[in-house]
Amino acid sequence: MKKISYKILLAVLTAGLFHTPAANACTGIAIHAQDGTQLFARTIEWKGGNLNSKLIIMPRGHKNTALTPAGENGKTWHNKYGAVGASTVEPRFVTEGVNEKGLNVGIFYFSHYGSLTPYKPSHAKKSVSDGELTRYLLTNFATVDEVLAGLPKIEIIPIGKADAEGHYATGHWRISDASGRSIVLEITDRGERHFYENNLGVFTNSPDFPWHQSNLNNYIHLSGGETPDKVMGNVRLFSLGGGTNLTGLPGDLTPPSRLVRAFFFLHSAPKPKDTYAAVTQAFHILNNFDLPIGAEYAPGQTIPDMPSATQWTAVSDVTHPAFYYRTMYNCAIRKVDLTKIDFDKVPYTVADMDEVPQETFHERTF
């Protein structure tokens, strides 16, 4: 793995990139097709500037040493499985990915709720930073059960600074496997771990997962379709368009509202028949969560020079291991087929997600 300046990296982290409530307004969904294909998809947002995300190829046998607040002296491991994913800020921070056995892992920001245990220097050799946990899980485990058995053997630590109350902000994780099983890992109260089976098929950010489950009960009245005409007094009332049964569906950018929208879009959609239909459906649903770059800024604030706050959208096929993605610069869907990679021979690869930045449109002539 490419060596980096630890001082520079720590300065970036402490500047607040992973500790700002609007940092990662991510939305995730799960799709199960009629032919048995299982997909886990998500968006990633950051309004403050380009996350410099990279496409990461992780070969078998590659040696890794995790970061701690003291430097590159944490847990060391050699990749048991090959994996592909996308990073944020720095290549070692794989944010989302899938491995050759169909394990999918992604970190979603968990502002005000996530809270890690402080780093203990005497525990360095079993410590993995939260930003590296996705990569650690992808390269060591094949199933959710294996992850659950392996997590107690490591400490998940922060490498940034604590907030004014002594809490170390972090994310929460969606962990899924080829069987379609998906769990949520949340770490609160300075290191207390909570695991939840994700039967919703959707995932966002704060509050905690049980709160989101309960909140859905507030929207029991929503359904697909059109409200029938009716007469009240001497007035005939009628629908002004399709989808009136979803009137009241929250439309703002907050995590609770995005989860409710994702839940109803996902569960009102027809079950796709095959892998192609499932992948395209995943991208279509997540198109609803593209975040325009100016939406999170007050009038008069400086807006970064980039096309969108949704910097990329990814779909992990855990049945036929593959990683699909598109970026804010290029809406074309690209596919990395893990079954065609020789993970014993491929080098550890850090590649631009966009081979050529899209600066012009493809023109058709007749």
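None of these values were measured; they are calculated from a predicted model. (Residues numbered from 1 in each chain as written. Predicted model: local features only at pLDDT ≥ 70, side-chain atom pairs only at ≥ 80, totals over all residues. Heavy atoms only, no water.)

Asks: Please explain the overall build of the protein as it appears in this structure.
Replies: Within the protein, the regular secondary structure consists of six helices and 20 strands. The globule rule puts the C-alpha radius of gyration for 366 residues at 21 Å, and the 21 Å found for the protein is close to it. Projecting the C-alpha coordinates of the protein onto the three principal axes gives extents of approximately 80 × 55 × 45 Å. Here the protein holds 366 residues, and the buried ones make up 54% of them. (Helix = DSSP H or I, 4+ residues; strand = E, 2+ residues; numbered from the N terminus. Rg over C-alpha atoms; globule rule 2.2 N^0.38 Å. Buried < 20%, exposed > 50% of the residue type's maximum accessible area, 1.4 Å probe, protein only.)

Asks: I keep staring at a nonpolar patch on the surface and nothing clicks. Help me out?
Replies: There is a patch of nonpolar side chains on the surface, built from Met232, Val235 and Leu237 and spanning about 260 Å² of accessible area. Residue placement: Met232 occurs in strand 15 (residues 230-232). You can call Met232 partly exposed: its relative accessible area is 49%. (Patch = residues over 30% accessible without salt bridge, like charges linked within 9 Å, V, L, I, M, F, W, Y side chains within 5 Å. Areas by Shrake-Rupley, 256 points an atom, 1.4 Å probe, with all protein chains shown as cover. Salt bridge = Lys/Arg side-chain N within 4 Å of Asp/Glu carboxyl O.)

Asks: Could you clarify how one ought to interpret the sheet that holds strand 19 (residues 334-337) in this entry?
Replies: Consider a sheet: its strands pair through backbone hydrogen bonds, and that pairing is either parallel or antiparallel. Spatially, the six strands line up as an open sheet ordered 14-1-2-17-18-19, and their pairing is antiparallel. Two strands in the sheet have a free side with no partner beyond their single neighbour: strand 14 (202-203) and strand 19. Relative to strand 2 (residues 38-45), strand 1 (residues 28-32) runs antiparallel, the two sharing five bridges. Across the sheet, residue Gly28 finds its bridge partner in strand 2, namely Arg42. Across the sheet, helix 6 (residues 275-287) is in contact with strand 1, strand 2, strand 17 (310-317) and strand 18 (322-327); its angle to strand 1 comes to roughly 155 degrees. (Pairing = 2+ DSSP bridges. Contact = heavy atoms within 4.5 Å. Axes fitted to C-alpha atoms, helices over the stretch in contact; angles between N-to-C directions.)

Asks: Would you take a moment to explain the pattern of salt bridges for this structure?
Replies: Where side chains of opposite charge bring their charged atoms close, a pairing between them can arise. All chains considered together, the criterion is met by 16 salt bridges. Salt-bridge contacts for Arg181 lead to Asp145; the nearest nitrogen and oxygen are separated by 2.6 Å. Of this pair, Arg181 sits in the loop between strand 11 (171-176) and strand 12 (182-188) while Asp145 sits in helix 3 (residues 144-150), and the two are 36 residues apart along the sequence. Residue classification places Arg181 among the partly exposed positions, given a relative accessible area of 26%. The salt bridge involving Arg334 is made with Glu355; its shortest N-O contact spans 3.4 Å. Residue Arg334 is found in strand 19, and its partner Glu355 is found in the segment after strand 20 (349-352); the two are separated by 21 residues along the sequence. Note on Glu355: relative accessible area 56%, which makes it exposed. Shared partners join several salt bridges into a network, and the residues in it are Glu72, Glu90, Arg92, Glu132 and Arg135.

Asks: Whenever I open this one, the environment of Pro118 confuses me. Can you help?
Replies: When you line up the elements, Pro118 lands in the loop between strand 8 (104-109) and strand 9 (127-129). Distance in space between the C-alpha atoms of Pro118 and Tyr196 is 24 Å, their sequence separation being 78 residues.

Asks: How do you make sense of the pairing of strand 12 when you look at a structure like this?
Replies: The buried count for strand 12 comes to seven of seven residues, which makes it a mostly enclosed element. Every second residue of strand 12 is oriented toward a common face, with Ser182, Val184, Glu186 and Thr188 on one face and Ile183, Leu185 and Ile187 on the other, all of them buried. Two elements, strand 11 and strand 12, share four bridges in a ladder whose sense is antiparallel. Considered in strand 12, the bridge of Ile175 is made with Ile183. The antiparallel hairpin formed by strand 11 and strand 12 contains five residues in its connecting segment, where Gly180 sits at a positive phi of about 95 degrees. Bridge count between strand 12 and strand 13 (residues 192-197): six bridges; the pairing is antiparallel. For Glu186, the partnering residue across the bridge sits in strand 13 and is His194. Taken together, strand 12 and the strand that follows it, strand 13, pair antiparallel across an intervening segment of three residues, in which Asp189 is found at a positive phi of about 50 degrees.

Asks: Can you help me understand the sheet that holds strand 3 (residues 54-58) in this one?
Replies: An order of 13-12-11-8-7-6-3-20 is seen for the eight strands of this open sheet, with the pairing classed as antiparallel. The open sheet has two edge strands with one neighbour each: strand 13 and strand 20. Pairwise comparison of adjacent strand axes, ignoring direction, gives a mean angle of 30 degrees for this sheet.

Asks: Hey, could you run me through the pairing of strand 17 in this one?
Replies: Look at any regular strand and the pattern is simple: side chains alternate between the two faces of the sheet. For strand 17, the tally of buried residues reaches eight of eight residues, placing the bulk of the element in the interior. Judged from the seven bridges that link them, strand 2 and strand 17 form a sheet pairing that is antiparallel. In the sheet register, Arg42 faces strand 17, and the bridge partner there is Ala314. Here six bridges tie strand 17 to strand 18, and the two strands are oriented antiparallel to one another. Residue pairing across strands places Thr313 opposite Arg326, the latter belonging to strand 18.

All we've got here are geometric facts, nothing functional implied.
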